[in-house]
Number of protein chains: 4
Amino acid sequence: MESTSTLVRVRYAETDQMGVVYHANYIVWMEIGRVEYFRAAGVRYRDLERDEGILLVVVEVHCRYHSAARYDEEVTIRTWVEESNSRMIRFGYEMTDAATGRRLATAETKHIFCGRDYKPKKLPRGLGSLFEMR
Amino acid sequence: MESTSTLVRVRYAETDQMGVVYHANYIVWMEIGRVEYFRAAGVRYRDLERDEGILLVVVEVHCRYHSAARYDEEVTIRTWVEESNSRMIRFGYEMTDAATGRRLATAETKHIFCGRDYKPKKLPRGLGSLFEMR
Amino acid sequence: MESTSTLVRVRYAETDQMGVVYHANYIVWMEIGRVEYFRAAGVRYRDLERDEGILLVVVEVHCRYHSAARYDEEVTIRTWVEESNSRMIRFGYEMTDAATGRRLATAETKHIFCGRDYKPKKLPRGLGSLFEMR
Amino acid sequence: MESTSTLVRVRYAETDQMGVVYHANYIVWMEIGRVEYFRAAGVRYRDLERDEGILLVVVEVHCRYHSAARYDEEVTIRTWVEESNSRMIRFGYEMTDAATGRRLATAETKHIFCGRDYKPKKLPRGLGSLFEMR
């Protein structure tokens, strides 16, 4: 799977008094991108957590802001896997203004798979292949 | 116990593009008021939830906005119990600008006590007396 | 216009440690409902604010919580106008689990129209008729 | 000025269904750290924005998560300037559990100074010296 694209519309709650989207909200949007990436790969992240007891714990976030998103704009979140194995997964993201293609932010997040006890856990073999992790 | 007062300083993240605090954040501040009310009464809400398995589930919120809070202002959250018994508790709140006393919002929230299964549960007798519920 | 329905999918960020949606997030969802109500009526709220200098200032929120929404569920926000004139508007909301119809919350919000100076302002006649305010 | 330390108490609203603080909230805490760093240096960021028309626009965020913060814990945000000149400033942060010293997250943010038009702007000489930027 190459990458998936998801749309979010900027909420009023997501703006700040500069008149643009508050920067922490892009981190929330990336989570939406990841979940939709999983869904496109046939995995519902909710079930991974609830049924398999596998948590995708964030260990690193890196985001560069290129241009500000504004209220009521539609934002495209493009999400892809940069690197993965049975213990970790690293996602890449590009967020753009859906109407103009203007680049808003680029980012990476790194995650480790953990059990319900928060201890690192290997992803079962069957699951890894589902979303084309090698 | 009459009422307790807690201070919060308005975060940039809490403002919106109108240049004032986004209205949903007052609901978050009330939660801070409640938790500090409990603490002043000798109950750490965290322990109530973790050790006693008692959740304070919100069933109703009513908030009237009188004047807008702005970035970096200090807000006083005054919290009191309006009504309570072993099954429910109703809190009252008044939020004011700490510097000027200007009234920002007045509110009530109603909660029921639930167990970890989200089913209603009576508060153990000992706990009720701790925060003077009658 | 009777009412409009909008879908939101519960974000991980919107859950809390009770394992359900944190109650203040329903207030954010209502804002999404309002904005989509306006859009369906041919008014882009963003333009109302930016081009007409009219702000829809929240003066009251009342929400009753019936059942908890959970992560990754789709929520239907049904929004309608309960009362309106050239100075104020009162919206009603019903939020339900889109999959099962289970009722999550019912709510009202009351707003006054203000200018950029936050002083109350009458809505221009043409605008009122656009979204069938009487 | 070496570094400043600020305390925040984890809000219920900041937790997620994993039972820990949702990762985007650390980004909000860093903003609190920055603002208190400014305040300790004699600059109220609010005034910088409002009176001087200088916005501190975030262009990069990098955060590593070491250990999860939990509800009602007090978190110490240590903030310092890693690099600065009249056009940009880079902050470093270390967030720890105030009770135990356990390290929660380490991070950097990079900002450029902009005018109200969002165009880059040099910081007036007098202001730079105020918070010991060289």
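See the structure above.
A brief structural summary.

The rules we used
- Residues numbered from 1 in each chain as written.
- Chains lettered and ligands numbered in written order.
- Predicted model: local features only at pLDDT ≥ 70, side-chain atom pairs only at ≥ 80, totals over all residues.
- Heavy atoms only, no water.
- Helix = DSSP H or I, 4+ residues; strand = E, 2+ residues; numbered from the N terminus.
- Rg over C-alpha atoms; globule rule 2.2 N^0.38 Å.
- Buried < 20%, exposed > 50% of the residue type's maximum accessible area, 1.4 Å probe, protein only.
- Contact = heavy atoms within 4.5 Å.
- Areas by Shrake-Rupley, 256 points an atom, 1.4 Å probe, with all protein chains shown as cover.
- Core = buried A, V, L, I, M, F, W, Y, C linked by side-chain atoms within 4.5 Å.
- 1 Å grid on protein atoms, 1.4 Å probe; cavity = no way out; pocket = protein on both sides within 12 Å on 5 of 7 lines; lining within 4 Å.
- Points joined across faces, edges and corners; volume = space filled by probe spheres on them.
- Nonpolar A, V, L, I, M, F, W, Y, C, P; charged D, E, K, R; others polar.
- Least-squares fit on C-alpha atoms with pLDDT ≥ 70 in both.
- Buried area = accessible area lost by both parts, 1.4 Å probe.
- Salt bridge = Lys/Arg side-chain N within 4 Å of Asp/Glu carboxyl O.
- Polar contact = N/O pair within 3.5 Å; in protein donor to acceptor, adjacent residues only side chain to side chain.
- Pairing = 2+ DSSP bridges.
- Disulfide = S-S within 2.5 Å.
- Axes fitted to C-alpha atoms, helices over the stretch in contact; angles between N-to-C directions.

### Things to note about the overall build of chain A
- From N to C terminus, chain A includes three helices and five strands.
- Relative to the globule expectation of 14 Å for 134 residues, the C-alpha radius of gyration of chain A, 15 Å, shows essentially globular dimensions.
- Based on the C-alpha atoms only, the size of chain A along its principal axes is roughly 45 × 30 × 25 Å.
- Buried residues in chain A amount to 59% of all 134 residues.
- Sequence separation of 24 or more characterises 66% of the internal contacts of chain A that already satisfy a separation of 6 or more.
- Element-wise, carbon and sulfur atoms account for 46% of the exposed surface of chain A, whose accessible area totals about 5500 Å².

### Looking at the nonpolar core
- If you look at the biggest cluster of nonpolar residues, it comprises 87 residues, and the most contacted ones within it are Tyr26, Trp29 and Met95 of chain B together with Tyr26, Trp29 and Met95 of chain C.
- Those residues within four positions of Trp29 of chain B in sequence are excluded, and the remaining contacts are Val8, Val10, Glu14, Val21, Ala69, Val75, Ile77 and Met95 of chain B together with Arg11 of chain D.
- Core analysis: the next-biggest nonpolar cluster, separate from the first, contains 86 residues, Val21, Val58, Leu104 and Cys114 of chain A among them.

### Section: empty space enclosed by the protein
- What the rule picks out here adds up to one cavity of 30 Å³ or more.
- Roughly 730 Å³ of volume is contained in the largest cavity.
- Ala13 and Asn25 of chain A, Asn25 of chain B, Asn25 of chain C together with Asn25 of chain D are the residues nearest the centre of the largest cavity, which is lined by 29 residues in total.
- Class assignment of the residues belonging to the lining of the largest cavity gives a composition of 16 nonpolar, five polar and eight charged.

### Examining the relation of the copies chain A and chain D
- Screw-axis analysis of chain A against chain D gives a translation of 0.0 Å along the axis, an RMSD of 0.0 Å, and a rotation angle of 180 degrees. Here the copies are linked by what is in effect a two-fold axis. Taking the C-alpha atom as reference, chain A places His62 of chain A closest to the rotation axis, 2.2 Å from it.
- A share of 100% of interface residues in chain A that are also interface residues in chain D marks the association as one of identical surfaces.

### Concerning the interface of chain C and chain A
- On the chain A side, the residues contacting the 20 residues of chain C number 20 residues.
- Approximately 1700 Å² of surface area, both sides summed, lies buried where chain C meets chain A, with 43% of it carried by carbon and sulfur atoms.
- At the junction of chain C and chain A, the tally comes to eight salt bridges.
- Where Glu36 of chain C meets Arg9 of chain A, a salt bridge forms, and the shortest distance between an N and an O atom there is 3.9 Å.
- Where chain C meets chain A, there are 12 residue pairs in polar contact (both at pLDDT 80 or more).
- Listed by contribution, the elements that provide at least two residues to the side of chain C that touches chain A are β1 (4-9), α1 (25-40) and α2 (45-50) of chain C.
- For the side of chain C that touches chain A, the leading source of residues is α1 of chain C, giving seven residues.

### Looking at the interface of chain A and chain D
- Chain A puts 26 residues into the contact, and the matching count from chain D is 26 residues.
- Taken together, both faces of the contact between chain A and chain D bury some 2100 Å²; the carbon and sulfur share is 55%.
- Taken together, the links from chain A to chain D amount to zero salt bridges.
- Viewed at the interface, chain D and chain A are joined by 12 residue pairs in polar contact (both at pLDDT 80 or more).
- Listed by contribution, the elements that provide at least two residues to the side of chain A that touches chain D are α1 (25-40), α2 (45-50) and β2 (55-65) of chain A.
- The residue inventory of the side of chain A that touches chain D, partitioned by class, reads 16 nonpolar, four polar and six charged.
- Bridge analysis of β2 of chain A against strand β2 (residues 55-65) of chain D gives five bridges, and the strand direction is antiparallel. Each residue of the ladder has a partner; that of Glu60 of chain A, found in β2 of chain D, is Arg64 of chain D.

### Focus: the state of the cysteines
- Within the structure shown, the criterion is met by zero disulfides over all chains.
- No disulfide involves Cys63 of chain D; its sulfur sits 12 Å from the nearest other cysteine sulfur, which is in Cys63 of chain A.

### Structural notes on the relation of the copies chain C and chain A
- Least-squares fitting of chain C to chain A yields an RMSD of 0.0 Å, with the superposition described by an axial translation of 0.0 Å and a rotation of 180 degrees.
- Most of the interface of chain C is mirrored in chain A, where 100% of its interface residues again form contacts.

### Observations concerning the pairing of strand β3 (residues 74-84) of chain A
Residue and element names in this part refer to chain A.
- Strand direction decides the pairing type here: strand β1 (residues 4-9) and β3, joined by six bridges, are antiparallel. The residue bridging Ser5 from the neighbouring strand is Arg78, located in β3.
- Across nine bridges, the pairing between β3 and strand β4 (residues 88-97) is antiparallel. Its bridge partner being in β4, Val75 is matched across the sheet by Asp97.
- Where β3 hands over to β4, the hairpin turn is made up of three residues, counted between the paired strands.

### Regarding the sheet that holds strand β5 (residues 103-114) of chain D
- Taken in spatial order, the 10 strands line up as β1(A)-β3(A)-β4(A)-β5(A)-β2(A)-β2(D)-β5(D)-β4(D)-β3(D)-β1(D) in an open sheet, and their pairing is antiparallel. At either end of the open sheet lies a strand with only one pairing partner, and these are β1 of chain A together with β1 (4-9) of chain D. Neighbour-to-neighbour, the strand axes of the sheet open up by a mean angle of 25 degrees, direction not taken into account.
- Contacting β1, β2, β3, β4 and β5 (103-114) of chain A, α1 of chain A runs over the sheet at an angle of about 135 degrees to β1 of chain A.

### Some remarks on the environment of Val21 of chain C
Residues and elements named next belong to chain C.
- Mapped onto the secondary structure, Val21 falls in the loop between β1 and α1.
- It is 32 Å that separates the C-alpha atoms of Val21 and Arg50, two residues lying 29 residues apart in sequence.
- Apart from the residues lying within four places of it in its own chain, the contact partners of Val21 are Val10, Glu14, Thr15, Tyr26, Trp29, Ala69 and Arg70.

### As for the layout of surface pockets
- By volume, the largest pocket is sized at about 630 Å³.
- Counting residues per element, the ones that place at least two in the lining of the largest pocket are β1 (4-9) and α1 (25-40) of chain B together with β1 and α1 (25-40) of chain D.
- For the lining of the largest pocket, the element with the highest residue contribution is α1 of chain B, accounting for five residues.
- Split by residue class, the lining of the largest pocket holds 13 nonpolar, two polar and 13 charged.

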